[in-house]
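Coordinates in review
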Amino acid sequence: MSRIAYVNGAYVPHSDAMVHVEDRGYQFADGVYEVCEIRHGVIVDLTRHLDRLGRSLGELRIDWPMSRAALTQVIRRVARLNRVTNGMFYLQVTRGVAKRDHVFPKAGTRPSIVVTAKSTDPKIIAAKNAKGLKAITVAENRWERVDIKSVGLLPNAMARQAAKEKGAQEAIYVDRDGNVTEGAATNVWMVDADGALVTRPAETGILRGITRTTLQDVAARLGIEIRERKFSAEEMKASREVFITAATSICFPIVEIDGQAVGNGHPGSMSQKIREAFFDIAEKTSI
């Protein structure tokens, strides 16, 4: 069965899904996006993802392309049409199509929207969790508004490519003070000497990940202490355990950073405990 995409009001074959050459997302990266997990036939944490979408749109002064209720129905239908039981959906909203000019187009310009969905193989994710991932550190070089989930991801793509070329799967940004911010597509956590979970505060410098937020609910349920504070790359490398979180993977253990083993060089127990409890606590929306 061929994949189906939703593009500006129409459900079309994925191979025919297109946007206008003067769409501002294409010209200026003038848009935002969300990625959300679909697991066991339900959408995970949809409310929080749509809340964050609304915040990103508001920060960039882009109108909603449709009502929130209508968008929810589009997302659910795209997932059904693509028969996704385990996988993800991706949605992108841009400021719309207008004659190329740096300033915003005239009021009333209709935002553009694309929604796609695809299946993923749970066995591949399970294998990565069992083995763990490698990471490198890179200098923070992104714009300051990383709290907005913008489609302007060139620095992130370059960081991920640098990781790949060094045999790693993630790049972890380090700011000018030597402190960890986040991964190229993930939030970063470590377990300190006291057994507490540590992650950078989300007020500035990182995206407030949805999985990150739900993980805090999970930790509270499990009685795990979370300390939101800055931590250096060196402290991270010397910690008991490091893992990264994202909507499509929940949490992946990091077993090596810059060629240096983390802990005993194997996945730690904290990420496993959180991963096992996560789905039961996260919000689930039927397709």
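Residues numbered from 1 in each chain as written. Predicted model: local features only at pLDDT ≥ 70, side-chain atom pairs only at ≥ 80, totals over all residues. Heavy atoms only, no water.

What follows concerns the layout of surface pockets. Volume-wise, the largest pocket comes out at about 1,100 Å³. Arg-160, Ala-185, Thr-186, Ala-246 and Thr-248 are the residues nearest the centre of the largest pocket, which is lined by 45 residues in total. Mapped onto the lining of the largest pocket, the elements with two or more residues apiece are strand S3 (31-39), helix H2 (46-60), strand S5 (87-94), helix H4 (122-131), helix H5 (154-165), strand S9 (180-183), helix H6 (210-222) and strand S13 (241-246). Counting residues per element, the lining of the largest pocket draws most heavily on H5, at four residues. (1 Å grid on protein atoms, 1.4 Å probe; cavity = no way out; pocket = protein on both sides within 12 Å on 5 of 7 lines; lining within 4 Å. Points joined across faces, edges and corners; volume = space filled by probe spheres on them. Helix = DSSP H or I, 4+ residues; strand = E, 2+ residues; numbered from the N terminus.)

Counted by the stated rule, this structure contains 20 salt bridges. Among the ionic pairs, Arg-145 bridges to Glu-59, the shortest N-O distance being 2.8 Å. Here Glu-59 lies in helix H2 and Arg-145 lies in the loop between strand S7 (133-139) and H5, a separation of 86 residues in the sequence. When its relative accessible area of 29% is taken as the criterion, Arg-145 is described as partly exposed. Accessibility expressed as a relative area gives 37% for Glu-59, which makes it partly exposed. Note that Arg-212 is salt-bridged to Glu-228, the shortest N-O span being 2.6 Å. Taken together, the residues Arg-212 in helix H6 and Glu-228 in strand S12 (residues 226-228) connect sequence positions 16 residues apart. Assessed through its relative accessible area of 41%, Glu-228 is described here as partly exposed. Where salt bridges share partners, they join Arg-55, Glu-59, Arg-145 and Asp-147 into one cluster. (Salt bridge = Lys/Arg side-chain N within 4 Å of Asp/Glu carboxyl O. Buried < 20%, exposed > 50% of the residue type's maximum accessible area, 1.4 Å probe, protein only.)

With two bridges connecting them, strand S8 (residues 170-174) and S9 associate as antiparallel partners. Paired with Val-174 across the bridge in S9 is Val-180. Once S8 ends, the chain turns through five residues before running back antiparallel as S9, passing Gly-178 with a positive phi of about 85°. (Pairing = 2+ DSSP bridges.)

Two elements in contact, H6 and helix H8 (residues 269-281), have axes separated by 9 Å at closest approach and are oriented at 100°. On the basis of the axis angle, H6 is roughly perpendicular to H8. In this structure, H6 contributes Thr-211, Thr-214, Leu-215, Asp-217, Val-218, Arg-221 and Leu-222 to the contact, and H8 contributes Lys-273, Ile-274, Ala-277, Phe-278 and Ile-281. (Axes fitted to C-alpha atoms, helices over the stretch in contact; angles between N-to-C directions. Parallel < 35°, antiparallel > 145°, perpendicular 65-115°, else oblique. Contact = heavy atoms within 4.5 Å.)

The tally for this structure, following the rule as stated, stands at one cavity of 30 Å³ or more. One number sums up the size of the largest cavity: a volume of about 50 Å³. Lining the largest cavity are Glu-37, Val-44, Asp-45, His-49, Ile-210, Thr-211, Ala-246, Ala-247, Ile-250 and Phe-278. Here the lining of the largest cavity is composed, by residue class, of six nonpolar, two polar and two charged. (Nonpolar A, V, L, I, M, F, W, Y, C, P; charged D, E, K, R; others polar.)

Everything listed here is a matter of geometry and, on its own, says nothing about what the molecule does.
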